[in-house]
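# Observations on the three-dimensional arrangement
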Amino acid sequence: MEHPDKVGKEATVDVHFTDLPDALIACKVAEDVFGDPLVKASFEALFRSFDSDVTFQFFRSFRRVQIRFSDALLAAQVRARLHKSEFNGKEMRLYFAQSVHIGGPRLEPPKPDKQFLISPPASPPVGWEQVQDATPVINYDLLCAISKLGPGEKYELHTGTPTTPSVVVHVCESEQDGSGAEDDKRGQRVRPKIVQTRRPDYAPPLH
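Report on the accompanying structure. Keep in mind it's a predicted model, so treat the numbers as computed, not measured.

What counts and how
- Each chain carries its own residue numbering, running from 1 in the written order of its sequence.
- Residue-level local features of this predicted model are given only where pLDDT is at least 70; pairs of side-chain atoms are given and counted only at 80 or more, and the full residue set underlies all totals for whole chains, interfaces and linings.
- For the side-chain quantities, the full set of heavy atoms in the structure was used; hydrogens and water were omitted.
- One speaks of a salt bridge when a side-chain nitrogen belonging to Lys or Arg is within 4 Å of a carboxyl oxygen belonging to Asp or Glu.
- Runs of E in the DSSP output that reach at least two residues are strands. Runs of H or I that reach at least four are helices, and both are numbered from the N terminus.
- A 1.4 Å probe rolled over the protein chains alone gives each residue an accessible area, and that area as a share of the maximum for its type sets the label: buried under 20%, exposed over 50%, partly exposed in between.
- Here the rule is simple: two strands pair whenever DSSP picks up at least two bridges between them.
- Here an angle of 0 to 180 degrees is reported between the N-to-C directions of two axes, which are lines fitted to C-alpha atoms, with helices fitted over the stretch in contact.
- We call two residues in contact whenever any of their non-hydrogen atoms come within 4.5 Å of each other.
- Residues belong to one nonpolar core when they are buried, are Ala, Val, Leu, Ile, Met, Phe, Trp, Tyr or Cys, and are joined through side-chain atoms within 4.5 Å.

When their charged atoms lie close together, side chains carrying opposite charge are able to pair. Using the criterion set out here, one finds four salt bridges in the structure. Between D22 and R68 there is a salt bridge, and its shortest N-O distance comes to 2.9 Å. In this pair, D22 is assigned in the loop between helix 1 (4-18) and strand 1 (23-27) and R68 in strand 3 (residues 64-68), connecting sequence segments 46 residues apart. Overall, D22 belongs to the partly exposed group, its relative accessible area being 28%. Assessed through its relative accessible area of 36%, R68 is described here as partly exposed. Note that R63 is salt-bridged to E31, the shortest N-O span being 3.8 Å. Residue R63 is found in the loop between strand 2 (55-59) and strand 3, and its partner E31 is found in the loop between strand 1 and helix 2 (32-35); the two are separated by 32 residues along the sequence. The exposure class assigned to R63 is partly exposed, which follows from its relative accessible area of 27%. The class for E31 is partly exposed, based on a relative accessible area of 38%.

As structure tokens, this is what we get:
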């Protein structure tokens, strides 16, 4: 009768090798393997000594070869024996081939979670609530200052400093009172030229 601990260990080992892939990827393969038939046959014979049913897929552009065995345990034994070994004067590295499982023969659409962020839905999502608009802020000081303005007067919005200009609002006159334009010799009204505010001189402080 076998000891329970020994049986448990053997079961663990079986599961470990069952989960391994049955294919290896040989990296940094010598160039002669892809061009010389004799070297290629010697390369295949090296792995056929472990498994007679082994198959090969050669990727010359990447200097790699996929080697698929009939059993995952054989693939693990070959990697343990031949990893970082020399073949035709160059080191050969073997790695387990990673298999990708997508769950089906075709790509499925994404799950409908939070798709309303990508495209607006026909109805609001669960838990959505209407946001109340905030009360508009009324600046009574600004309204009072505007009401006191009259034609021809000016109002200083920002007081100038040694480094920044002042901001002054000039109220335009109505068309009946005249807009300050002068008439030329042909009787046509000439629009006054707007003089741009000159930037004050500024000398950067010395540190």
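In spatial order, the strands read 2-3-1-5-4; together these five strands make up an open sheet with antiparallel pairing. This sheet does not close on itself; its edge strands, each paired only once, are strand 2 and strand 4 (85-87). When the angles between neighbouring strand axes are averaged without regard to direction, this sheet yields 30°. The pairing of strand 4 with strand 5 (residues 90-96) spans three bridges and is classified as antiparallel. Each residue of the ladder has a partner; that of F87, found in strand 5, is K90. Packing of helix 4 (residues 72-82) onto the sheet brings it into contact with strand 1, strand 4 and strand 5, and relative to strand 5 it is tilted by some 150°.

Let's shift gears to the nonpolar core. One finds A26, F43, F47, V65, I67, F69 and L94 to be the most contacted residues of the largest nonpolar core, which totals 20 residues. Of all the secondary structure elements, the ones that give two or more residues to this core are strand 1, helix 2, helix 3 (37-48), strand 3, helix 4 and strand 5. Contact partners of F69, with chain neighbours within four places excluded, come to D22, L24, F47, D51, V54, L74, A75 and V78.

This part takes up the pairing of strand 1. The buried fraction of strand 1 is high, at five of five residues. Here strand 1 shows no split at all, with A23, I25 and C27 on one side and L24 and A26 on the other all buried. In terms of strand pairing, strand 1 meets strand 3 through four bridges, oriented antiparallel. Among the inter-strand pairings, A26 is bridged to a residue of strand 3, identified as V65. Strand direction decides the pairing type here: strand 1 and strand 5, joined by four bridges, are antiparallel. Across the sheet, L24 pairs through a bridge with F96, a residue of strand 5.

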